[in-house]
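Read off the chains here:
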Amino acid sequence: MLSKILYILNFVKTTLVYIIYPPICPLCREIVDERYQFCPDCANKILRLELQKNPPDILSGVFAIAKYHGGTRSLLRKLKFDNNLNVLPALHKILTDISQRTEIKNFLANVNFATYVPLHADRLKERGYNQVELIFSDWLIAQNLTAENLLIRQKYTPKLFKYNPAERKEILKGAFSLIEGADVRGKNILIVDDIFTTGATTAECAAVLKAAGAAKIFVLALASDFEG
């Protein structure tokens, strides 16, 4: 009898929460079926799952999941610049929803393990976390991919969105180094990042990994403008 009463109370509580705080699309705020789910219109706008057409030559393939200016920009900016961790479930939902897509499975089949684009120690201290790790770490585990911090950002660089591709490339020269003891010889490595634009950052990371003997470097980005 008690268990039945508890079941009814829990059902009433869940129903009231749903009525008072219904699940809404993280972008347009339309009511949806599940929390952190995107409505069909927003999902169609942002989800692309495409290989970049003209990545830097040093990269063997670049796959981007969502369109940056289609809505994910606001979520990523809240995470990176406002320290708003409340957007993480919505970003995780994007990854969960595409996990079983053939395009993703085929792309990940090419790599041995993953690494993150690192932050400089000063920026990491300022922000308190590497947003790329927060976005991807649990998802990579779910894909049976080991993720290791292979790189150090030894040079503090300004935010790059103000600079053109040539300037970004120059600014990033010598920005990264391999962590002591890391062995990447003969490995195909996946670099994960939150945003892919010109590819200057991941290309510089790839150059360090290649110099250490890595075979191929792939990039998986949450968002891109899909230019080129």
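Higher on the page you've got the structure.
Being a predicted model, the structure only gives us computed values, none of them experimental. (Residues numbered from 1 in each chain as written. Predicted model: local features only at pLDDT ≥ 70, side-chain atom pairs only at ≥ 80, totals over all residues. Heavy atoms only, no water.)

1. So, the overall build of the protein chain
Threshold: Each helix corresponds to a stretch of at least 4 residues labelled H or I by DSSP, and each strand to a stretch of at least 2 residues labelled E; elements are numbered beginning at the N terminus. With a 1.4 Å probe rolled over the protein chains alone, any residue whose accessible area is under 20% of its type maximum counts as buried; one over 50% counts as exposed, and the rest are partly exposed. What makes two residues a contact is simply this: any of their non-hydrogen atoms within 4.5 Å. Every accessible area reported is derived by Shrake-Rupley at a probe size of 1.4 Å, with residue values counting cover from the shown protein chains alone.
A count of helical and extended segments in the protein chain gives nine helices and seven strands. Sorting the 228 residues of the protein chain into buried and exposed places 44% on the buried side. When contacts within the protein chain are restricted to residue pairs at least 6 apart in sequence, those whose partners lie at least 24 apart make up 70%. Accessible surface, the protein chain: about 12,600 Å² in total, of which carbon and sulfur atoms supply 52%.

2. Considerations on the nonpolar core
Defined as follows: Remark: nonpolar core denotes a set of buried residues (Ala, Val, Leu, Ile, Met, Phe, Trp, Tyr, Cys) joined through side-chain atoms within 4.5 Å.
Ranked by size, the top nonpolar core spans 42 residues in total, and within it Phe-136, Leu-190 and Leu-220 carry the most contacts. If one sorts the elements of this core by residue count, helix α4 (residues 88–98) sits on top with six residues. Sequence-distant contacts of Leu-190, that is, excluding residues within four places in its chain, are made with Phe-107, Leu-108, Val-111, Phe-113, Ala-114, Thr-115, Leu-140, Leu-145, Phe-218, Val-219 and Leu-220. Within the second largest apolar cluster, 24 residues are counted, among which are Ala-200, Leu-209, Ala-214 and Val-219.

3. Let's talk about the sheet that holds strand β7 (residues 216–224)
Applied cut-off: Any two strands between which DSSP finds at least two bridges are classified as paired. Axis definition: a line fitted to C-alpha atoms, limited for helices to the stretch in contact. Angles are taken between N-to-C directions and run from 0 to 180 degrees.
Taken in spatial order, the five strands line up as β1-β2-β7-β6-β3 in an open sheet, and their pairing is mixed. Looking at which strands have only one partner, the edges of the open sheet turn out to be β1 (47–51) and β3 (113–116). Recorded for the sheet is a direction-independent mean angle of 20° between the axes of neighbouring strands. The strands touched by helix α3 (residues 72–81) are β2 (61–67), β6 (188–196) and β7; relative to β6, the strand with the most contacts, the crossing angle is about 95°.

4. Comments concerning unusual backbone geometry
Its identity as a non-glycine residue notwithstanding, Arg-29 has a phi of 70°, on the positive side. By the element assignment, Arg-29 lies in the loop between α1 (2–20) and α2 (40–46). On the accessibility criterion, Arg-29 (52% relative accessible area) is exposed. With a phi angle near 50°, Leu-49 is a residue other than glycine that sits in the positive phi range. As for its position among the elements, Leu-49 is in strand β1. With a relative accessible area of 7%, Leu-49 lands in the buried category.

5. Some details on the packing of α3 against α4
Basically, it comes down to this: By the definition adopted for this analysis, an angle is roughly parallel if under 35 degrees, roughly antiparallel if over 145, roughly perpendicular if from 65 to 115, and oblique otherwise. Should the near helix be turned anticlockwise from the far one by less than a right angle, the crossing is termed left-handed; should it be turned clockwise, right-handed. Note on residue classes: Ala, Val, Leu, Ile, Met, Phe, Trp, Tyr, Cys and Pro are nonpolar, Asp, Glu, Lys and Arg are charged, and everything else, Gly too, is polar.
Interaxial distance between α3 and α4 falls to 10 Å at its minimum, and their mutual angle equals 130°. It follows that α3 is oblique to α4 by the angle criterion. Crossing of α3 against α4: the hand is left-handed. Contact residues: Thr-72, Leu-75, Leu-76 and Leu-79 in α3; Leu-88, Ala-90, Leu-91 and Ile-94 in α4. Here the contact of α3 with α4 is built from residues that sort into seven nonpolar, one polar and no charged.

6. A look at the packing of aromatic side chains
Centre-to-centre distance and the angle between the planes together describe a pair of aromatic rings. Inclusion rule: Each Phe, Tyr or Trp ring, with Trp reduced to its six-membered ring, pairs with another whose centre is within 6.5 Å; inter-plane angles below 30 degrees give stacked pairs, above 60 give edge-to-face pairs, and intermediate values give tilted ones.
By the definition in use, this model includes three aromatic pairs. Measuring from centroid to centroid gives 5.3 Å for Phe-63 and Phe-107, while their planes differ by 35°, and the two rings are tilted. Of this pair, Phe-63 sits in strand β2 while Phe-107 sits in helix α5 (residues 102–108); the two residues are 44 residues apart in sequence, bridging distant segments of the chain. Relative to Trp-139, the ring of Phe-136 lies with its centre 6.3 Å away and its plane at 65°, an arrangement referred to as edge-to-face. Of this pair, Phe-136 and Trp-139 both sit in helix α7 (residues 131–142), three residues apart, which is roughly one turn of the helix. Through successive ring pairs, a cluster of aromatic residues spans Phe-63, Phe-107 and Phe-218.

7. Notes on the side chain of Asp-194
Examined against the element boundaries, Asp-194 turns out to sit in strand β6. For Asp-194, a relative accessible area of 3% puts it in the buried group. Beyond its immediate chain neighbours, meaning those up to four positions away, Asp-194 contacts Leu-76, Lys-80, Gln-131, Val-132, Ile-135, Ala-221, Leu-222 and Ala-223.

8. Considering α3
Applicable threshold: Along the arc lie the directions from the helix axis toward the C-beta atoms.
When we look at burial in α3, the residues that qualify are Thr-72, Leu-75, Leu-76, Leu-79 and Lys-80. Projected down its long axis, α3 carries its buried residues within an arc of 120°, all on one side. Of the residues flanking the end of α3, it is Asn-83, one or two places downstream, whose phi is positive at about 55°.

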